[in-house]
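Here's the letter readout for the chains.
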Amino acid sequence: MLTTFTVIALILLGIVMLLAVPVEVAFNIENDEASPNDVALIWLSGIIRIPLTADSSKKRQEKAAKNRKKKTRRRGKNKAWALMRNASFRRRLFGYIRDLFRSIKIKSLDIRLRLGLDDPADTGRLWGVLGPLASLLGGIRKANIRVEPEFAEEVFSLQSQGRISVIPLRILWISSCFFLTPQVIRALAVKS
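Small disclaimer: the values here were computed from a predicted structure and weren't measured. (Residues numbered from 1 in each chain as written. Predicted model: local features only at pLDDT ≥ 70, side-chain atom pairs only at ≥ 80, totals over all residues. Heavy atoms only, no water.)

1. Re the pairing of strand β1 (residues 23–30)
Then, number 1: Of the pairings in the sheet, the one linking β1 to strand β2 (residues 38–43) comprises 6 bridges and is antiparallel in character. Within β2, the residue paired with N28 across the bridge is D38.
Then, number 2: Inspection of the sheet shows β1 paired to strand β6 (residues 155–166) by 8 bridges, in the antiparallel sense. Counterpart to I29 in the pairing with β6 is S160. (Pairing = 2+ DSSP bridges. Helix = DSSP H or I, 4+ residues; strand = E, 2+ residues; numbered from the N terminus.)

Listed below in structure tokens is the structure:
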């Protein structure tokens, strides 16, 4: 009996130790069709590299599933708005998002986004919203984020590459602390 508990405890300890090892997400994404997009999970200092690429058949299956679920999406939006009206849930949700962003370590990040709409006035309105956000994002250490408006033509151009590191155990801890609080349980139970 004691050996069974010892074996179970050692297995759990091993799982916890593996989850405490940082996982890096390395990516190189461009929005044009010619360049290959490369996204990979790197674990144990590069010993394990898991490429994450989307298969075109999977994309077709997802589109078909979206077409079937259009009716249920409206009901989901109503539930989401009802949750956001709950002040204690909203406070916990913003704290959860803040803690998740704090647990992400940016090793390098380079993003260049050019966008323009067919009407320059609409591009100006969009830039009025995105401009301040771009200046805030420009202050992130180890990140080079550039958002450029294009008033002359309709364009969407994205080039991004970077390495972001997270510790899975920390993400699990933050998520469990969020989902197991009485306010969140109460809000999710009432609205479901």
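Now that the structure has been shown, the text picks up again.
2. A few points about the layout of surface pockets
Then, number 1: Empty space within the largest pocket amounts to approximately 390 Å³.
Then, number 2: Tallying contributions element by element places strand β4 (residues 105–116) first for the lining of the largest pocket, with 4 residues.
Then, number 3: When its residues are assigned to classes, the lining of the largest pocket shows 9 nonpolar, no polar and 3 charged. (1 Å grid on protein atoms, 1.4 Å probe; cavity = no way out; pocket = protein on both sides within 12 Å on 5 of 7 lines; lining within 4 Å. Points joined across faces, edges and corners; volume = space filled by probe spheres on them. Nonpolar A, V, L, I, M, F, W, Y, C, P; charged D, E, K, R; others polar.)

3. Considerations on the environment of A82
Then, number 1: Note on placement: A82 falls in helix α3 (residues 70–85).
Then, number 2: Judged by relative accessible area, which is 15%, A82 ranks as buried.
Then, number 3: For A82 and A187, which are 105 residues apart along the polypeptide, the C-alpha to C-alpha distance reads 9.2 Å. (Buried < 20%, exposed > 50% of the residue type's maximum accessible area, 1.4 Å probe, protein only.)

4. Here we look at the environment of S160
Then, number 1: Positionally, S160 belongs in strand β6.
Then, number 2: Taking the C-alpha atoms as reference points, S160 and I145, 15 residues apart in sequence, are found 9.0 Å from one another.
Then, number 3: With residues near it in sequence (within four places) discarded, S160 still touches F27, N28, I29, D110 and I111. (Contact = heavy atoms within 4.5 Å.)

5. Brief notes about the packing of aromatic side chains
Then, number 1: Across all of its chains, the model carries 4 aromatic pairs by this definition.
Then, number 2: Look at Y96 and F178: their rings are 4.4 Å apart centre to centre, the planes differ by 15 degrees, and that puts the pair in the stacked class. Taken together, the residues Y96 in helix α4 (residues 87–103) and F178 in helix α6 (residues 168–179) connect sequence positions 82 residues apart.
Then, number 3: On the accessibility criterion, F178 (7% relative accessible area) is buried.
Then, number 4: Ring geometry for F178 against F179: centres 4.8 Å apart, planes inclined by 70 degrees, an arrangement best described as edge-to-face. (Phe/Tyr/Trp six-rings, centres within 6.5 Å; stacked < 30°, edge-to-face > 60°.)

6. Details of the packing of α4 against α6
Then, number 1: Where α4 contacts α6, the two axes come as close as 10 Å, and the packing angle between them is 175 degrees. As far as their axial angle goes, α6 and α4 are roughly antiparallel. Contact residues: F89, R92, L93, Y96, D99, L100 and S103 in α4; R170, I171, I174, S175, F178 and F179 in α6.
Then, number 2: When its residues are assigned to classes, the contact of α4 with α6 shows 8 nonpolar, 2 polar and 3 charged. (Axes fitted to C-alpha atoms, helices over the stretch in contact; angles between N-to-C directions. Parallel < 35°, antiparallel > 145°, perpendicular 65-115°, else oblique.)

7. A look at the pattern of salt bridges
Then, number 1: Taken as a whole and assessed by the stated rule, the structure comprises 8 salt bridges.
Then, number 2: R49 serves as the salt-bridge partner of D38, at 3.6 Å between the closest nitrogen and oxygen. Here D38 is found in strand β2, whereas its partner R49 is found in strand β3 (residues 48–51), with 11 residues between them in sequence.
Then, number 3: Look at D38 and you get partly exposed, because its relative accessible area is 35%.
Then, number 4: A salt bridge links E150 to R114, with the nearest nitrogen and oxygen atoms 3.0 Å apart. Here E150, found in the loop between β5 (143–149) and β6, pairs with R114, found in strand β4; they are 36 residues apart in sequence, far enough to count as distant. (Salt bridge = Lys/Arg side-chain N within 4 Å of Asp/Glu carboxyl O.)

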